Amino acid sequence: MAGEMPGEPRTLRLQHGNRIEALCVLGGHVRADVFGAAPAGAVAFGVKHTEGVSVDVLFHGHAEPEAVVGSGTRWPLDEGTVLRFSMSRASSEVNDNKVTVSFYADGGKPINQTGVFLTGVGISLDVDADRDGVVERNNPNKASWAWGPKGHGAILLVSCDKEFPFIPPSDCDSEQVFNREDLLDMAQMVLRTEGPQRLPRGYEIILSVSVNDADKVGVFHVQNPFFGQRYVQVLGRRKLFYPVPYPGGDAELDFFVEGLRFPDETFSGLVSIHVSLLEPLAEGIPHSPIFTDTVVFRVAPWIMTPNTLAPVNFFVCSMKDNYLFTKEIRSLVAKASCNLKVCFGYINRGDRWMQDEIRLGYTHAPHNSFPVVLDSPRERGMEQLPIKELLGPDFGYVHKEPLFEAMASLDSFGNAEVSPPVSVAGREYPLGRILIGSSFPVSTGRRMTKLVRDFLYAQRVQAPVELYSDWLAMGKVNEFVTFVPTSDKKRFRMLLASPAACYRLFREKQKEGQGEATMFKGKGTEPGPWYWGIDTKRITINKVLSNEVLTQQNQYVQRCIDWNRDILKKELGLLEEDIIDMPALFKLDKHGKAVPYFPNTVTIIVLARDLVIPKPVSVSHYDATVPQCHTQVTLIVLARDLGIPKPFSVTHSDANVTMTVLARDLGIPKPFGPMADGECCLEQRICALLEPLGLRCHFLEDVASYHGILGEVRCGTSVQRRPFAFKWWHFTP
């Protein structure tokens, strides 16, 4: 007997002189071969049936069936003639309906009979296929999945949080549910049955998953031990099938389904669960399926949040040398109405580069949503932070660590940004697009580890754009590009580090008679990556403009940024008026890679009302082994105020593009640019560029605690933001 799928009739083999017993699943059809069951000499047949059965006759070559409406009609017995019957009402007892077929010879003489006793049962495996939070009965789209606002298909969350402290690393590693809160992360699946109080002997109902899906989905069902209800895993991992006890009558059995893995390079995100009705044939012979119902889930993706979303929690490491910086950050965060989370030494173990270690995002389904931290492959001391400080109830954790690939600085999450929502040539990206840095298309330079890169691509809802960042010493995209929110129609601006803008500004000041204005005022001979031991008080606008080597190096850097500019304009649908060029200078190290010359003001912290930017300060010696993140174009947006580190340099203007954006106000690294008439001309230019957009700039000094060791405040902080209001399943990849 063939397994009956919805819409696929099952075939019975009748035998003249015998009556067989069969189950008929409501909503399905059963076919019976009349011609093959006829005795010798039969030329016609008639059909009788009980009220609970509908019967049609299908003739070979006829498109439309003929309904059996009475017992007096006889039909010619032709090859290919079959009966099709169905039941619309469940049986109250076993074998309480029947169909009888009578065969006739020439002249109408009865020869023999055959028939079938039928038991009508209803079996439906149901999920929230229309994504409204309700598990409806037998949704016609439950066995498929479609994207878009008119799409359909159920959604799973990966249970990567940890509801109970004394279980394995996360909930998806446990085969038991320890409290009902854990069930809230799971999608409900209901097995609905109708029928008699018992099934005919030997019949079984089996819930199953394929071998390919077993490591991607877990199914839990309640058990009732002596001490009360508990939910145990019945499908998933090594469990491929589960015999479901038939409850009898009209019943609903609740199951709870979790994802075990996010989509990745080997997993599309789709999983199927089946319920089958198995029929016995004879003792010692395996059961055969006579009906199968299937539901399809898609595992919800991990979604990255851009600077333009409001902050919830702001994370920073406590170090021996950043007490004053942390104090300033505490004040800014308070204005943003978000929480400051300080990671102390026993957790960070001397590693201050928070953003390089973790990237905060979220996962979302119609029934629940929670933040998820993505842990980078880098192991520099802070690897216990996401597990010990973040992983917990409704805060998930996922880690991607390559087994065989060597890791590079491009695997740090300063090399993974995401744009605000954009429209590109009529195509909408309502969750933005991920930006990742890579090597030049024709070179064999550094790239992000394939495992992490493929993971970002596999989420599908924030189609990644690959940029050229290998020209930078640390190779991170947030060193030259970031985004800030605005209140106009565009809703954001893209900031790009621009040596050309810096040289243009310096030439303007030189023409105004400010050529002897000095940079890095008050920094004296503080050590730094480039001007180690040289008196930074003597670095003037004239000296910068007359340095031919530095000019050529920045022309090269500008070409690299312009290459990315063209890519970003095309892939994000941007116009020139959507881009702000932030003055920045760079210098090449002994390996020919660029580092910021002064604190990178692209690394901005956006909070609630105040904007902070680090002063650029020049330094002389670059050590490629020290972590860095210098561009003032990298911002952290929290709420309305921005905190930006003061640039203290390695390239000529420590990256005024690297900002930490928290909302509408910016915290920017203080660039320590040339002092003209008592004011830093870099700070003046940055304010002139950003404040007309409704942003307020506050400049933070991070020279000693971040920039002096080749980083900025954006690299040393991380922000958990509110999720998008847009539902990712309404997007069409």
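Every chain begins its residue count from 1, and numbering advances along the sequence as written. In view of the model being predicted, local features appear only for residues whose pLDDT reaches at least 70, and side-chain atom pairs are presented and counted only at 80 or more, with totals across whole chains, interfaces and linings using the full set of residues. With hydrogens and water stripped out, all remaining heavy atoms of the structure feed into the side-chain values.

### Some points on the overall build of the protein chain
Item 1. Broken down by element type, the protein chain carries 11 helices and 46 strands.
Item 2. The buried label applies to any residue whose accessible area, calculated with a 1.4 Å probe on protein chains only, is under 20% of its type's maximum; exposed applies above 50%, and partly exposed to all values in between. Taken across its 733 residues, the protein chain has 61% of its residues classed as buried.
Item 3. We call two residues in contact whenever any of their non-hydrogen atoms come within 4.5 Å of each other. A separation of at least 24 residues holds for 77% of the contacts in the protein chain among residues at least 6 apart in sequence.
Item 4. For accessible areas, the Shrake-Rupley method is used with a probe of radius 1.4 Å. Any residue's cover is judged against the shown protein chains and nothing else. Total accessible area computed for the protein chain in this model is approximately 29000 Å², and 51% of it derives from carbon and sulfur atoms. Only DSSP runs of H or I reaching four residues or more are called helices, and only runs of E reaching two or more are called strands; each is numbered from the N terminus.

### A word on the packing of aromatic side chains
Item 1. Ring pairs are drawn from Phe, Tyr and Trp, using the six-membered ring of Trp, whenever the two centres fall within 6.5 Å, and their geometry is named by plane angle: stacked under 30 degrees, edge-to-face over 60, tilted for the rest. Counted under the stated rule, the structure contains 14 aromatic pairs.
Item 2. Geometrically, the ring pair formed by Trp-145 and Trp-147 is edge-to-face, given 5.1 Å between the ring centres and 75 degrees between the ring planes.
Item 3. We classify Trp-147 as buried; its relative accessible area is 18%.
Item 4. For the ring pair Tyr-242 and Phe-255, a centre distance of 6.5 Å and an interplane angle of 75 degrees mean the geometry is edge-to-face. Separated by 13 residues along the polypeptide, Tyr-242 in strand S17 (residues 241–244) and Phe-255 in strand S18 (residues 251–259) bring together distant segments of the chain.

### Concerning the sheet that holds strand S30 (residues 434–438)
Item 1. Strands pair, by our definition, only if DSSP identifies at least two bridges between them. Within the open sheet, the 3 strands sit side by side as S27-S30-S31. Their pairing is mixed. Since the sheet does not close on itself, it has two edges, and those belong to strand S27 (416–418) and strand S31 (465–468), each with one partner. Neighbour to neighbour, the strand axes of the sheet diverge by 35 degrees on average, direction disregarded.
Item 2. Bridging between S30 and S31 involves 4 bridges; their strand directions are parallel. Paired with Ile-436 across the strands is Glu-466, a residue of S31.
Item 3. Only the stretch in contact is used when a helix axis is fitted, and all axes are lines through C-alpha atoms; the angle between N-to-C directions ranges over 0 to 180 degrees. Lying over the sheet, helix H7 (residues 450–458) contacts S30 and S31, oriented at roughly 155 degrees with respect to S30.
Item 4. Across the sheet, helix H10 (residues 548–572) is in contact with S30 and S31; its angle to S31 comes to roughly 165 degrees.

### Focus: the environment of Met-675
Item 1. As for its placement among the helices and strands, Met-675 is situated in strand S43 (residues 675–676).
Item 2. In the structure, Met-675 is positioned 155 residues away from Phe-520 in sequence and 8.7 Å away in space, judged by C-alpha atoms.
Item 3. Residues contacting Met-675, with those up to four places away along its chain left out, are Ala-517, Thr-518, Lys-521 and Cys-680.

### A look at the sheet that holds strand S3 (residues 30–33)
Item 1. Strand order in the open sheet formed by 5 strands is S1-S3-S8-S5-S6, and the pairing between neighbours is mixed. Two strands close off the open sheet at either side, each with one partner strand: strand S1 (10–12) and strand S6 (66–67).
Item 2. In the sheet, strand S5 (residues 53–58) pairs with S6 via 2 bridges, with the strands oriented antiparallel. The partner of Asp-56 across the bridge, within S6, is Ala-67.

### Describing the packing of helix H8 (residues 499–511) against H10
Item 1. Remark: H8 packs on H10, axes separated minimally by 8 Å, with the N-to-C direction vectors making an angle of 135 degrees. Classed by the angle they form, the pair H8 and H10 counts as oblique. For the pair formed by H8 and H10, the contact residues are Pro-499, Ala-500 and Tyr-503 on the first element and Leu-550, Thr-551, Asn-554, Val-557, Gln-558 and Ile-561 on the second.
Item 2. Under the scheme applied, nonpolar residues are Ala, Val, Leu, Ile, Met, Phe, Trp, Tyr, Cys and Pro; charged residues are Asp, Glu, Lys and Arg; polar residues are all the others, including Gly. Taken together, the residues of the contact of H8 with H10 sort by class into 6 nonpolar, 3 polar and no charged. An angle counts as roughly parallel when it lies under 35 degrees, as roughly antiparallel when it exceeds 145, as roughly perpendicular when it falls between 65 and 115, and as oblique in every other case.

### Things to note about the pairing of strand S20 (residues 288–299)
Item 1. Of all 12 residues in S20, 10 are buried, a share of seventy percent or more.
Item 2. Bridge count for strand S11 (residues 154–156) against S20 is 3 bridges, and the pairing is parallel. Residue pairing in the sheet places Leu-156 in a bridge with Val-299 of S20.
Item 3. Looking at chain direction, strand S19 (residues 270–279) and S20 are connected through 10 bridges and run antiparallel. Bridge pairing links Ser-272 to Val-296 in S20.

### As for a nonpolar patch on the surface
Item 1. There is a patch of nonpolar side chains on the surface, built from Val-211, Leu-240 and Phe-241 and spanning about 300 Å² of accessible area.
Item 2. Relative to the helices and strands, Phe-241 resides in strand S17.
Item 3. The exposure class assigned to Phe-241 is exposed, which follows from its relative accessible area of 55%. Like charges are joined within 9 Å and nonpolar side chains (Val, Leu, Ile, Met, Phe, Trp, Tyr) within 5 Å, but only among residues with over 30% relative accessible area and no salt bridge; these make up the patches. Definition used for salt bridges: Asp or Glu carboxyl oxygen within 4 Å of a side-chain nitrogen of Lys or Arg.

### Some details on the nonpolar core
Item 1. Ranked by size, the top nonpolar core spans 117 residues in total, and within it Met-189, Leu-207, Ile-273, Leu-277, Phe-297 and Leu-690 carry the most contacts.
Item 2. Looking at this core element by element, the count peaks at 6 residues for S20.
Item 3. What makes a nonpolar core is a set of buried Ala, Val, Leu, Ile, Met, Phe, Trp, Tyr and Cys residues whose side-chain atoms join them at distances within 4.5 Å. Judged by nonpolar contacts, the second largest core, of 28 residues, contains Leu-12, Phe-45, Val-55 and Val-57.

### A short note on the confidence of the model for the protein chain
Note: predicted coordinates in regions of low pLDDT should not be interpreted at a detailed level.
Item 1. For the protein chain, mean pLDDT is 84; residues scoring 70 or higher make up 84% of the total.
Item 2. Residue-level confidence of the predictor, termed pLDDT, takes values from 0 up to 100. Throughout residues 1–7 the model reports pLDDT below 50, and contacts reaching past four residues in sequence, or to other chains, amount to 23 contacts.
Item 3. Every residue in residues 615–655 scores below 50 in pLDDT, and together they form 453 contacts with partners more than four places removed in sequence or on other chains.

### As for the pairing of S19
Item 1. Among the 10 residues in S19, 7 count as buried, and that is most of the element.
Item 2. One ladder, built from 5 bridges, connects strand S14 (residues 204–208) with S19; its direction is antiparallel. Opposite Ile-206, over in S19, you have Ser-276 as the bridge partner.

### Notes on the pattern of salt bridges
Item 1. If you walk through the whole model with that rule in mind, you get 28 salt bridges.
Item 2. Among the salt bridges present, the one from Arg-261 reaches Asp-264, with a minimum N-O distance of 2.7 Å.
Item 3. By relative accessible area, which is 8% here, Asp-264 ends up buried.
Item 4. Taking the shortest distance from any N to any O, the salt bridge between Asp-321 and Arg-352 comes out at 2.9 Å. With Asp-321 in the loop between strand S22 (311–317) and helix H3 (323–335) and Arg-352 in the loop between helix H4 (345–348) and helix H5 (354–357), the pair connects residues that are 31 residues apart, well separated along the chain.

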